[in-house]
Amino acid sequence: MMSLAVCCSLSSSSSSGRAVLFKSRFADEEIEADCIRNLGTTANMSDVQEATNQLLDVSLHENQESIQVMESGPRSESEQFQVTIGATVPTGFEQTAADEVTEKLGSSCQISRDRGKIYFDISVESLAQVHCLRSVDNLFVVVQEFKDYQFKETKEEVLKDFEELAGKLPWSDPLKVWKINTSFKKKKTKRKKINQNSGKEKIDNGRGDKTDERDVKKAFTSNPLDSHILDYYENPAIKEEVSTLVGDDLASCKDETDESSKEETNPEVLKFRVTCNRAGEKHCFSSNEAARDFGGAVQEYFKWKADMTNFDVEVLLNIHDHEIVVGIALTEESLHRRNITHFGPTTLRSTVAYGMLRLCAPQPTDIIVDPMCGTGAIPIEGATEWSNCYHIAGDNNPLAVNRAANNISSLLSKSQIKEGRPSWGLPIDAVQWDICNLPLRTGSVDIIVTDMPFGKRMGSKKRNWNLYPACLREMSRVCRPGTGRAVLLTQDKKCFTKALSGMGHVWRKVHTVWVNIGGLHAAVYLLKRTPQAFVHPSEQDGERTPW
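Residues numbered from 1 in each chain as written. Predicted model: local features only at pLDDT ≥ 70, side-chain atom pairs only at ≥ 80, totals over all residues. Heavy atoms only, no water.

The protein has the name tRNA (guanine(6)-N(2))-methyltransferase THUMP3 in an unreviewed UniProt entry, where Equus caballus is given as its organism. Quoted straight from UniProt, the Catalytic activity (unreviewed entry) entry for the protein says "guanosine(7) in tRNA + S-adenosyl-L-methionine = N(2)-methylguanosine(7) in tRNA + S-adenosyl-L-homocysteine + H(+)". In UniProt, the protein has this text filed under Subunit (unreviewed entry): "Part of the heterodimeric THUMPD3-TRM112 methyltransferase complex; this complex forms an active tRNA methyltransferase, where TRMT112 acts as an activator of the catalytic subunit THUMPD3." (UniProt positions renumbered as here; feature names shortened; annotations may be inferred.)

### A closer look at the pairing of strand E3 (residues 117-123)
Residues in a regular strand point their side chains to alternate faces of the sheet. Across the 7 residues that make up E3, a large majority, 6, are buried. Where strand E1 (residues 82-88) and E3 come together, 7 bridges link them in antiparallel fashion. Bridging across to E3, Ala87 finds its partner in Ile118. Here 3 bridges tie strand E2 (residues 109-111) to E3, and the two strands are oriented antiparallel to one another. (Buried < 20%, exposed > 50% of the residue type's maximum accessible area, 1.4 Å probe, protein only. Helix = DSSP H or I, 4+ residues; strand = E, 2+ residues; numbered from the N terminus. Pairing = 2+ DSSP bridges.)

### Describing the packing of aromatic side chains
Taken as a whole and assessed by the stated rule, the structure comprises 14 aromatic pairs. When the centroid spacing of 5.3 Å and the interplanar angle of 85° are considered together, the rings of Trp171 and Phe302 count as edge-to-face. Residue Trp171 is located in the loop between helix H8 (155-166) and helix H9 (172-205), and its partner Phe302 is located in helix H14 (residues 287-302); the two are separated by 131 residues in the primary sequence. Here Tyr468 and Phe496 contribute two aromatic rings whose centre-to-centre distance is 6.2 Å and whose plane-to-plane angle is 75°, an arrangement assigned as edge-to-face. With Tyr468 in helix H18 (residues 461-478) and Phe496 in helix H19 (residues 493-501), the pair connects residues that are 28 residues apart, well separated along the chain. On the basis of relative accessible area, Phe496 is assigned to the buried category, the value being 0%. (Phe/Tyr/Trp six-rings, centres within 6.5 Å; stacked < 30°, edge-to-face > 60°.)

### Examining the sheet that holds strand E10 (residues 390-395)
Taken in spatial order, the 7 strands of this open sheet run E11-E10-E9-E12-E13-E15-E14, and their pairing is mixed. The outermost strands of the open sheet, each flanked by one partner alone, are strand E11 (428-432) and strand E14 (507-517). With strand direction ignored, the average angle separating the axes of adjacent strands in the sheet is 15°. As paired strands, strand E9 (residues 367-370) and E10 are joined by 4 bridges and run parallel to one another. Pairing of Ile368 across the sheet is with His391, part of E10. Helix-sheet contacts for helix H16 (residues 377-385) involve E9, E10, E11 and strand E12 (447-451), and the interaxial angle to E10 is about 170°. (Axes fitted to C-alpha atoms, helices over the stretch in contact; angles between N-to-C directions. Contact = heavy atoms within 4.5 Å.)

### Description of the sheet that holds E1
Judged by pairing direction, the sheet is mixed, and its 8 strands sit side by side in the order E2-E3-E1-E4-E8-E7-E5-E6 without closing on themselves. Each end of this open sheet is capped by a strand with a single partner; those strands are E2 and strand E6 (305-306). Where strand E4 (residues 138-146) and strand E8 (residues 323-329) come together, 6 bridges link them in antiparallel fashion. Paired with Phe140 across the bridge in E8 is Ala329. Across the sheet, helix H6 (residues 94-105) is in contact with E2 and E3; its angle to E3 comes to roughly 10°.

### Some words on the side chain of Asp293
Relative to the assigned elements, Asp293 resides in helix H14. Judged by relative accessible area, Asp293 falls into the buried class, the value being 13%. Setting aside chain neighbours within four positions, we find Asp293 in contact with Leu159 and Glu163.

### With respect to the packing of H6 against helix H15 (residues 350-359)
For any two helices packed against each other, the geometry comes down to the angle between their axes and how far apart the axes lie. Packing of H6 against H15 leaves a shortest axis separation of 10 Å and a crossing angle of 80°. With respect to their mutual orientation, H6 and H15 come out roughly perpendicular. Contacts from Thr96, Asp99, Glu100, Glu103 and Lys104 of H6 reach H15 at Tyr354, Gly355, Arg358 and Leu359. (Parallel < 35°, antiparallel > 145°, perpendicular 65-115°, else oblique.)

### Brief notes about the nonpolar core
Membership of the largest hydrophobic core comes to 54 residues, with the highest contact counts inside it found for Ile85, Phe120, Phe162, Trp171, Phe294, Ile324 and Val326. Contact partners of Trp171, with chain neighbours within four places excluded, come to Val143, Ala166, Phe294, Val298, Tyr301, Phe302, Val315, Val326 and Ile328. Formed by 30 residues, the second largest nonpolar core is a distinct cluster that contains Met356, Trp386, Ile408 and Phe454. (Core = buried A, V, L, I, M, F, W, Y, C linked by side-chain atoms within 4.5 Å.)

In structure tokens:
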């Protein structure tokens, strides 16, 4: 009876209420002990029922009060704590990244004059969600921005100003964000290691031992704060608990682990480095000189220890003409390193692949093809983010197809270990084929997204003069007339423009995005398939029968 009533109350409460109910039900030990003594001294069933109801009423009453306190306390504090996040993105895809931020975080986004950077304001409760953005490479929290910084005339005066600047900056809130972000990363790594071990045990031993599974779960849930933060990190949709959790973290809540309390009593000296990124021709100083003098002042201010390799904090000094942004890095390595484990000679970044896919706005049930997939970066990113579409990865090189298949397999293994159960798979297939003679029906493909050979590491510019027209012709055949679209990346712009000029009856250029790929000035072309039916070249002189 008692467990049934508790289950009913759980199903009607929010996710944060569930956590509170378990906690508050057993929080007041004196009241619970009195109820149990009443149960022991009473002999008839009516008294037992009355004591049981008393225990449930007290628990539910305490639960309601706890929910009100949690919702009105830490949540309001965390919502007031706003920070500015900076992100580096693939050059040329700044608007794409800004659109993703607005769509997923609901924040307005500012595109920097310094290409490849965006800035947006968030509440700290959304910090973990920022790490789930697909279009950004690196993240940092902004300490302060100077939009029109006036540099002195001589190098000595400028470097002296940098030294004085370090002590005037508002470091407090950005360092709090860095601390919360570091705890996210540590707990995610811890959970990842435990998941890998438990996943391997399940794969090796079939169903495995139930006691072991309970022990693994206990390792996660021993600290409620750790468990909730990790759940949010894996599932950004959980929003109700997060403001409370971040508020608890900011207020140094009582549920701290022994390890964190030891760190507070015996704080270690942090190690840091300063990285200066400078662009502009009118500066009388070098990046190294700015980093050296500014870093010396930071060291003097915080009493940190400088370390160029094994650092805890990376301070960023971004200078673009007369604009200066000081920040603290939130990522140790680029977020584009997420899908690919088997690399080829020209592996495309996952962030660039996402930007290309987003340009063509995939819709549910669309068939998306990459006819020159290489390692499969584009279709794998597509299958991960647009799982309601069907993706085909193809290439004429058997080594490339093998790498793509291995990358798909690795991603499935990661998913299986992460979830702790067999994965249902991804909506993607890898095929070996000839790009000029695809084994696909005419008008059967909705979207074509591919990275065409630049003619440098793969192929040659001479071969591209024959390859590009043949590719565009075959793509126009399989692409659906009227609604089909293609997003094509190439550095051989002259050859592509020439090939496209002869295909104006089937392809219409909608948009061009200029990007930087490994230091090469390349272009991403968004093409729209015209309503005209495909006519094979050999039949153009005859009856013009559709293929």
